[in-house]
Structure formats: C-alpha cells, structure tokens
Amino acid sequence: MNFITSVYTDVRIKKKTNQDSALILEAETDCGQVLLAVMCDGMGGLAKGEVASAALVNAFRDWFKNELPELICNRLDQQTVFTAFGNIAFEMNARIATYGAKVGVSLGTTVVAMLIANGKYTH
C-alpha cells in the first residue's frame, strides 16, 4: 500500500500565532507499511495553544517510534490503538494542565489521530 500525504495549516487573519501542529509519520515494517497522521489545534480563546498542540503531537511521535514497533506484528488491534491514543491524550492533558497551573494560564488543544496498519485504519 502506498500513501500520498500532505498537510497545510494557516494562522488566519485574527491571530498572531499559529496554534496548529501536524504530524505524518510513515514506516515500512516486516508486517507492511504503517502511517500515523495527527492534527492538533490550540483551543480558541485559551493562551499557549501552540504549546499544547505541539506537546500532544510530540507524544504521538514518541509512541510511534518507541511503542508501536513492539505492537505492529503481534498485538495491534483496534482496541489496542484506541487504548494507546486515549492514554496519550489523558496523560498529556494532565501534563498540559500542570504546566498551565505553573505559568498561570489556561491552555488546551483539540486532536484527531489516525493509524493505518495491516491494511486497516483506526482513528
């Protein structure tokens, strides 16, 4: 399976800072090609959305590089991916909230993520 990917983001006209963060990673494994796509956007009206979105994208990048290789041929099913994505989101939400409390701001991000592996996609 071959992938064609692209991403585009724009700061728009009202904001001075682009709070979007995107990640597209692809790997060739013994069990086929794998693609992870993640898009985050800082939550409107909150400060430091670019920090929150970048932190979450980096957490997904770390998961792809460090944890997915062990799962890819053995235990990778939809529930495993759902659980991993949920764990990343909940853990990073706690870290983002702790950071916000330390610096005295409210911040957050939206996230959408998709993994294609073994000819199936999970989001």
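Residues numbered from 1 in each chain as written. Predicted model: local features only at pLDDT ≥ 70, side-chain atom pairs only at ≥ 80, totals over all residues. Heavy atoms only, no water.

Some words on the nonpolar core
Part 1: By size, the foremost hydrophobic cluster in this structure holds 24 residues, and its most contacted members are Leu-36, Phe-60, Trp-63 and Leu-115.
Part 2: At the level of elements, β1 (20–29), β2 (32–42), α1 (49–66), α2 (68–71), α3 (78–103) and β3 (109–117) are the ones that each hand at least two residues to this core.
Part 3: If you tally residues by element for this core, the top one is α1, at 6 residues.
Part 4: Contact partners of Phe-60, with chain neighbours within four places excluded, come to Leu-23, Leu-36, Val-38, Phe-85, Ile-88, Val-111 and Ala-113. (Core = buried A, V, L, I, M, F, W, Y, C linked by side-chain atoms within 4.5 Å. Buried < 20%, exposed > 50% of the residue type's maximum accessible area, 1.4 Å probe, protein only. Helix = DSSP H or I, 4+ residues; strand = E, 2+ residues; numbered from the N terminus. Contact = heavy atoms within 4.5 Å.)

With respect to the sheet that holds strand β4 (residues 120–122)
Part 1: As summarised here, the arrangement of the 4 strands in space is β1-β2-β3-β4, forming an open sheet in which the pairing is antiparallel. Edge positions in the sheet fall to β1 and β4, since each has one partner strand and no second. Between one strand and the next, the sheet's axes are offset by a mean angle of 10 degrees, whatever the strand orientation.
Part 2: Both β2 and β3 contribute to a ladder of 8 bridges, which runs antiparallel. Each residue of the ladder has a partner; that of Cys-40, found in β3, is Val-111.
Part 3: Sitting on the sheet, α1 touches β1, β2 and β3, and the angle it makes with β1 is about 10 degrees. (Pairing = 2+ DSSP bridges. Axes fitted to C-alpha atoms, helices over the stretch in contact; angles between N-to-C directions.)

A word on a nonpolar patch on the surface
Part 1: Judged by side-chain polarity, Val-51, Tyr-99 and Val-103 come together as a nonpolar surface patch covering roughly 210 Å² of accessible area.
Part 2: With respect to the helices and strands, Val-51 occurs in helix α1.
Part 3: Take Val-51: its relative accessible area is 31%, and that puts it in the partly exposed class. (Patch = residues over 30% accessible without salt bridge, like charges linked within 9 Å, V, L, I, M, F, W, Y side chains within 5 Å. Areas by Shrake-Rupley, 256 points an atom, 1.4 Å probe, with all protein chains shown as cover. Salt bridge = Lys/Arg side-chain N within 4 Å of Asp/Glu carboxyl O.)

Notes on α3
Part 1: Compared with an ideal rise of 1.5 Å per residue, which puts 26 residues at 38 Å, α3 spans 37 Å between its outermost C-alpha atoms and is within 8% of the ideal.
Part 2: Of all the residues in α3, the buried ones are Val-81, Ala-84, Phe-85, Ile-88, Met-92, Ile-96 and Gly-100.
Part 3: Two residues or fewer past α3, Gly-104 is found with a positive phi of approximately 75 degrees. (Expected span 1.5 Å × (residues − 1).)

What about the environment of Arg-75?
Part 1: Mapped onto the elements of the fold, Arg-75 is located in the loop between α2 and α3.
Part 2: Look past the residues within four positions of Arg-75 in its chain and what remains in contact with it is Glu-70 and Thr-80.

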